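This is what each chain is made of:
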Amino acid sequence: MNFIQELGVLLKKNIREYGMYIALAFIMIIFTILTKGLFLSARNISNLFNQMGYIAVLAVGMTLVIVIRHIDLSVGSVAGFLGAIAAALLRNNFPLIPTILIIAGLGILIGLGNGFLIANVGLPAFVATLAGMMIFRGALLVFTQGTGTIIIMNDTFNAIGNGYIPDIPNNTNYHLLTIIIGLVAVAFYIMSDVRTRNNKLKYNFEVLSMRMFVLKEIFISAIIFYIFWTLASYNGISWTFAITLIITLIYHLLTTRTALGRHIYAVGGNPDAAQLSGIDVKKITLFVFGSMGLLTAISGILYTSRLQSATPDAGNLFELDSIAAAYVGGVSAAGGVGKVINSLIGALVMASLINGMNLVGVGISLQYIIRGAVLIAAVVFDIKTRSSAK
Amino acid sequence: MSDYILEMKDITKDFPGVRALDKVNLKVRRGEIHCLVGENGSGKSTLMKILSGFYPHGDFEGEIIFEGKPQKFRSIHDSERVGIVTIYQELALIPELTVYENIFLGHEIKSGRLIDWNKTIAMAKQVLEKVKPDLDTSRKVKELGVGHQQIVEIAKALTKNVKLLILDEPTSSLNEGDSENLLKIIKDLKKQGITSILISHKLKEVVEVADSITILRDGKMVANLNKEDGFSENEIIKYMVGREIEDIYPKRKKREFGEKIFDLKNWKAYDKTLGRYVVKNANMYVKKGEIVGVAGLMGAGRTELALSLFGNPKNYAVEGEMYFDGKKFRFKHPGEAIKAGLAYLSEDRKGTGLILDFDVKTNITITGLRQLVRGFFINENEEIVLAEQFKDSLKIKTPSIEQKVLNLSGGNQQKVSIAKWLFVKPKLLILDEPTRGIDVGAKYEIYTLMNKLVEEDGMSIIMVSSELPEILGMSDRIYVVSGGRISGELSREEATQEKIMTMAVDY
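Everything numeric in this text was worked out from a predicted model, so none of it was measured.

Some remarks on the overall build of chain B
Moving on, step 1. What chain B contains, in helices and strands, is 17 helices and 24 strands.
Moving on, step 2. Taken against the 2.2 N^0.38 rule, which gives 23 Å for 507 residues, the C-alpha radius of gyration of chain B at 25 Å falls within 12% of a compact globule.
Moving on, step 3. Once the C-alpha set of chain B is aligned to its principal axes, its extents read approximately 75 × 50 × 45 Å.
Moving on, step 4. When each of the 507 residues of chain B is scored for burial, the buried share is 54%.
Moving on, step 5. Sequence-distant contacts in chain B: of pairs separated by 6 or more residues, those separated by 24 or more amount to 67%.

What follows is the structure in structure tokens.
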């Protein structure tokens, strides 16, 4: 088999996996051309990652919720509500770390409340979280009624959504720590891939041919390094981007390598079989909604910090944006299928669309129409490639 | 005497790998009650599905002659049009609608384009006059008991101008009073000239109401009995089971059993959604190293019994005492049962046994994943080694342990289902229909494995099965379940198919 043929077979076999990356590349190229390179500029890329942070974090949690065949419509209102509480606490000179811990704790409690209504009381997730969406939207309005927008004066808090990680002293124009982190990320990626491949070889499982493997490693390493290089030539890694990456990494490990993660996918794949296999479906449901609550709190903090204030309409439509991101990332409503990394990429696809369309000057009404069309296209693609894979 | 309303001639139907019906002839005289009996899987339901057009013309060989005319039904709609109506075990009523809405569902009475509700209610009352005059037509079907729901189904059939009524085990979920009532209605309908085909496992009622009986066994018609010649339950049972046990059961050593490892006393399970006891006062025990067979007909409560023991996932209200491995237990969740050393192989491997989208490896380890966790993460190398061991020892035919179980054959899926329970090394393994729907070769392998587990590993096994030869071939001792209670216990030596069947139909 010659090289081109092998590449063709590989692409065809993994079209589902690679489809979204190809779509992302396509969107980025189009906008780069339309904006004469502005889209891919260091400043815009940095901006793009900051814009997508609070949705990406929600999309990661939403992936698990959809994997176990539920939905959470309350996350937007709850994120807005928790952001307002944070702002209020900070305004009353409450210290930063306790504030963040309180917000995280409240988020978990609210999530567990949803989980309890769904797993123990037996409400459909749609209804329980729709009620949450209304209740917390109302609570946010009540909370900001007297004050209107709550301005936050705490610089450390505001840095979460606007600041960058510090650099080690050097006399270049580049953010040196960012470059080092980029190199570490590349090394980590290659090492883990080589380890997986060797393992598979040991048990005679199917692996990529050596030349394909090397090509893939070079290609992906280049992309990873390019991203960090670009960021380094601007202000470096933002706190938002760092938090998003760390959360995604933790959830990636949780879902792919822990018993809990395996149990979550088992419950999504076949709840009855999972229960008869000794998995406590109620506990899993509680955990998934509790984790959603925690991520909602983080999303609320990121957004509030980015705006440096809490507003009455904060968090509006976040739930739908994050659900859309997860679906674009290939999560299946039938349950049991979906990867958190792909949902992150899904969030990036949607954020790139918005960012690019804003740069080009597309009106907001047309933006909604295009985003809707992309969502349908992504899911149609997913369904088509799934049925052909069987 | 030769006025046949229905003749089915030389009906042959193949499913992949199995011949479900082999040149079956069924002749039904006009105005009689014709009973169709046979063991589970003997082909009764398939035959009726052919008659109703569920399996369309061309999907089988043979001929259907109804009222003197050859028929080629392409759908259920076609058969209903000539007057053949089937009432299935799972009723086709809409619970949230009223009696009269259900009776005319699908063929509503209209004036113009709108439904004429007054006329509908009047007609519903008129139809119910014939079967159950005091039933309130404005009640919702969900508020009625199963017995009355059956009557609504019959009333619905009557409005379709039914000539031949097929009833698939109508009394299996009814109590005695409701059953008698229903049988009386069928007899009344006979007086009004409606012919019925009744499928039933309850031989007592068969003998009572039938004018003639057709008996199927392994897809063949083995007997046709007429009332004039007299019926007896024993004769029917003999025809139903009359096959020799084939030599497909592996030889085994003379076994010695240990202490009682499992003991169940006055065990009851009440299903809150059905509103009745699914297990009534069961007493049973299992000794170490013993294979205990649980026989019974479908719907007798065997699976319900097994589930009520294994952590009660259906949330029955459970009473009674269970002793397992020297301790008293009442599991709240299957996870607790597994931890204590119990395992349950589901009767429905695709529906509740396996996660079809998972691969072989992950399906096997899902029951005891925590054993493989080192630190935070699953040790995937250990997992692979373990799964490979099961693949080899159970001879699971799969290209790789990373293959989705969806793509395996039934027999190999079943081996994966068994492997996932052997992984947790249970002390007592409950196998619910362990060889359902798999080929003879795989069956033999599973039987051999069962013998090895009790002989070499000291495991105990409860085997629930609908197949009598399997029960006789594998069990050291047999319990027979009927109508939710244990109706008999037989040793390996005294057990025969006839004795089991007699207990199984004893309600």
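Some thoughts on the interface of chain A and chain B
Moving on, step 1. Between chain A and chain B, the contact holds 27 residues from the first and 39 residues from the second.
Moving on, step 2. Carbon and sulfur atoms supply 61% of the area that chain A and chain B bury against each other, a total of about 2,600 Å² over both sides.
Moving on, step 3. Considering only the side of chain A, the residues that lose the most area to chain B are Phe205, Arg262 and Leu276 of chain A, jointly responsible for 29% of the buried surface there.
Moving on, step 4. When the shortest N-O distance is used, the salt bridge between Glu383 of chain B and Arg262 of chain A registers 2.8 Å.
Moving on, step 5. Counting every contact that joins chain A to chain B gives seven residue pairs in polar contact (both at pLDDT 80 or more).
Moving on, step 6. Broken down by secondary-structure element, the contributors of at least two residues to the side of chain A that touches chain B are helix H8 (176-202), helix H10 (239-257), helix H11 (259-269) and helix H12 (271-276) of chain A.
Moving on, step 7. Residue contributions to the side of chain A that touches chain B peak at six residues, all from H11 of chain A.

Side note on helix H2 (residues 15-34) of chain A
Residues and elements named next belong to chain A.
Moving on, step 1. Helix length check: H2 (20 residues) gives 27 Å between terminal C-alpha atoms against 28 Å at 1.5 Å per residue, within 8%.
Moving on, step 2. Among all positions of H2, only Gly19, Met20, Leu24, Ile27, Met28, Phe31 and Thr32 are buried.
Moving on, step 3. Positive phi appears at Lys36, one or two residues downstream of H2, with a value of about 55 degrees.

Thoughts on the packing of helix H3 (residues 42-67) of chain A against helix H9 (residues 210-232) of chain A
Residue and element names in this part refer to chain A.
Moving on, step 1. The N-to-C vectors of H3 and H9 enclose an angle of 105 degrees; their axes lie 8 Å apart at closest approach. Judged by the inter-axis angle, H3 sits roughly perpendicular to H9. Of H9, the residues touching H3 (which contributes Ala42, Ile45, Ser46 and Phe49) are Ile227, Thr230 and Leu231.
Moving on, step 2. Looking at side-chain class alone, the contact of H3 with H9 contains five nonpolar, two polar and no charged residues.

Quick notes on the domain arrangement of chain B
Residue and element names in this part refer to chain B.
Moving on, step 1. Here chain B is partitioned into domain 1 (4-241) and domain 2 (260-504).
Moving on, step 2. For domain 1 versus domain 2, the separation of C-alpha centres amounts to 35 Å.
Moving on, step 3. Across the contact, seven residues belong to domain 1 and 10 residues belong to domain 2.
Moving on, step 4. Here domain 1 meets domain 2 over a buried area of about 860 Å², counting both sides, of which 61% is carbon and sulfur.
Moving on, step 5. Between the two partners, domain 1 and domain 2, sit zero salt bridges.
Moving on, step 6. There are zero residue pairs in polar contact (both at pLDDT 80 or more) connecting domain 1 and domain 2.

What to know about the sheet that holds strand E21 (residues 428-432) of chain B
Residue and element names in this part refer to chain B.
Moving on, step 1. Pairing is mixed across the open sheet formed by six strands, whose spatial order is E18-E21-E22-E15-E23-E24. The open sheet is flanked by strand E18 (342-345) and strand E24 (485-491), the only strands paired with a single partner. Neighbour-to-neighbour, the strand axes of the sheet open up by a mean angle of 20 degrees, direction not taken into account.
Moving on, step 2. Sheet topology places E18 next to E21; four bridges connect them, and they run parallel. Directly across from Leu342, in E21, lies its bridge partner Leu428.
Moving on, step 3. Lying over the sheet, helix H9 (residues 302-309) contacts strand E15 (291-296), E18, E21, strand E22 (460-464) and strand E23 (477-482), oriented at roughly 150 degrees with respect to E18.

Looking at the pattern of salt bridges
All names here are of chain B.
Moving on, step 1. For the structure on display, the rule yields 38 salt bridges over all chains.
Moving on, step 2. The closest approach of N and O atoms between Arg30 and Asp3, which form a salt bridge, is 2.9 Å. Here Arg30 is found in the loop between strand E2 (18-29) and strand E3 (33-37), whereas its partner Asp3 is found in the segment before strand E1 (4-15), with 27 residues between them in sequence.
Moving on, step 3. Asp3 sits in the partly exposed class, given a relative accessible area of 41%.
Moving on, step 4. In this structure, the salt-bridge partner of Arg30 is Glu67, at a minimum N-O distance of 3.0 Å. Taken together, the positions of Arg30 in the loop between E2 and E3 and Glu67 in the loop between strand E4 (61-66) and strand E5 (69-71) put the pair 37 residues apart, joining distant regions of the chain.

Remarks on a nonpolar patch on the surface
Residue and element names in this part refer to chain A.
Moving on, step 1. On the surface, a cluster of nonpolar side chains totalling about 530 Å² of accessible area is made up of Phe26, Ile30, Leu34, Leu38, Leu359 and Val360.
Moving on, step 2. No other element matches H2, which puts three residues into the nonpolar patch.
Moving on, step 3. In this fold, Ile30 is placed in helix H2.

A few points about the packing of aromatic side chains
Moving on, step 1. For the structure on display, the rule yields 20 aromatic pairs over all chains.
Moving on, step 2. Between the aromatic rings of Tyr54 of chain A and Tyr303 of chain A, the centroid separation amounts to 4.8 Å while the plane-to-plane angle is 70 degrees, which identifies the pairing as edge-to-face. Placement of the pair is Tyr54 of chain A in helix H3 and Tyr303 of chain A in helix H13 (residues 281-307), with a sequence separation of 249 residues.
Moving on, step 3. Judged by its relative accessible area of 15%, Tyr54 of chain A is buried.
Moving on, step 4. Through a chain of ring-to-ring contacts, the aromatic side chains of Phe262, Phe324, Phe329 and Phe331 of chain B assemble into a single cluster.
Moving on, step 5. Looking at Lys49 of chain B, its charged tip hangs above the ring of Phe54 of chain B, at a distance of 5.1 Å from the centre.
Moving on, step 6. The ring of Tyr285 of chain B carries Lys260 of chain B above its face, with NZ or CZ at 4.4 Å from the centroid.

What about the sheet that holds strand E9 (residues 164-168) of chain B?
Residues and elements named next belong to chain B.
Moving on, step 1. Read from one edge to the other, the open sheet built from six strands follows the order E6-E9-E10-E3-E11-E12, with strand pairing classed as mixed. Single-partner strands in this sheet number two, and they are strand E6 (84-87) and strand E12 (220-226). Between one strand and the next, the sheet's axes are offset by a mean angle of 15 degrees, whatever the strand orientation.
Moving on, step 2. As judged from the five bridges shared by E9 and strand E10 (residues 195-199), these two strands associate in the parallel manner. Along E10, the bridge assignment pairs Asp168 with Ile199.
Moving on, step 3. The strands that helix H5 (residues 146-159) touches are E6 and E9; relative to E6, the one it contacts most, it runs at about 165 degrees.

So, how was this worked out
- Counting restarts for each chain: residues are numbered from 1 in the order of the written sequence.
- Throughout, the order in which chains and ligands are written sets their labels, letters from A for the former and numbers from 1 for the latter.
- Given that the model is predicted, a residue must reach a pLDDT of at least 70 before its local features are reported, and side-chain atom pairs must reach 80 or more before they are shown or counted; all residues, however, enter totals for whole chains, interfaces and linings.
- In computing side-chain values, all of the structure's heavy atoms are included and hydrogens and water are not.
- Where helices and strands are cited, they refer to DSSP runs of H or I of at least four residues and of E of at least two residues respectively, numbered from the N terminus.
- With the radius of gyration taken over C-alpha atoms, the globule rule is written as 2.2 Å times the number of residues to the power 0.38.
- The classification of residues rests on relative accessible area computed with a 1.4 Å probe and restricted to protein chains. Under 20% of the type maximum is buried, over 50% is exposed, and intermediate values are partly exposed.
- Whether two residues are in contact is decided by their heavy atoms: any pair within 4.5 Å suffices.
- Once two parts are put together, the accessible area they lose, assessed with a 1.4 Å probe and summed over both, is termed the buried area.
- When a carboxyl oxygen of Asp or Glu is within 4 Å of a side-chain nitrogen of Lys or Arg, the pair counts as a salt bridge.
- Any pair of nitrogen or oxygen atoms within 3.5 Å is treated as a polar contact; in protein, a donor-acceptor pairing is required on top of that, and neighbouring residues in sequence qualify only through side-chain atoms on both sides.
- One less than the number of residues in a helix, times 1.5 Å, gives the span that helix is expected to have.
- The axes used here are C-alpha line fits, helices contributing only the stretch in contact, and every angle between their N-to-C directions lies in the interval 0 to 180 degrees.
- Orientation categories follow fixed angle ranges, with anything under 35 degrees roughly parallel, anything over 145 roughly antiparallel, 65 to 115 roughly perpendicular, and all other angles oblique.
- In this count, Pro and Cys sit with the nonpolar residues alongside Ala, Val, Leu, Ile, Met, Phe, Trp and Tyr, while Asp, Glu, Lys and Arg are called charged and the others, Gly among them, polar.
- For the domain bounds, the source is a domain assignment made automatically or taken from a database.
- Should DSSP find at least two bridges between two strands, the strands are regarded as paired.
- Within this analysis, patches are made of residues with over 30% relative accessible area and no salt bridge. Like charges are joined at 9 Å or less; nonpolar side chains (Val, Leu, Ile, Met, Phe, Trp, Tyr) at 5 Å or less.
- Under the convention used here, a 1.4 Å probe and the Shrake-Rupley method define accessible areas, while residue burial counts only the protein chains that appear.
- Working definition: rings of Phe, Tyr and Trp (its six-membered ring) pair if their centres are within 6.5 Å, and the pair is stacked with planes under 30 degrees apart, edge-to-face with planes over 60 apart, and tilted otherwise.
- Ring-over charges, as used throughout, are those where CZ of Arg or NZ of Lys falls within 6 Å of the ring centre and within 35 degrees of the ring normal.

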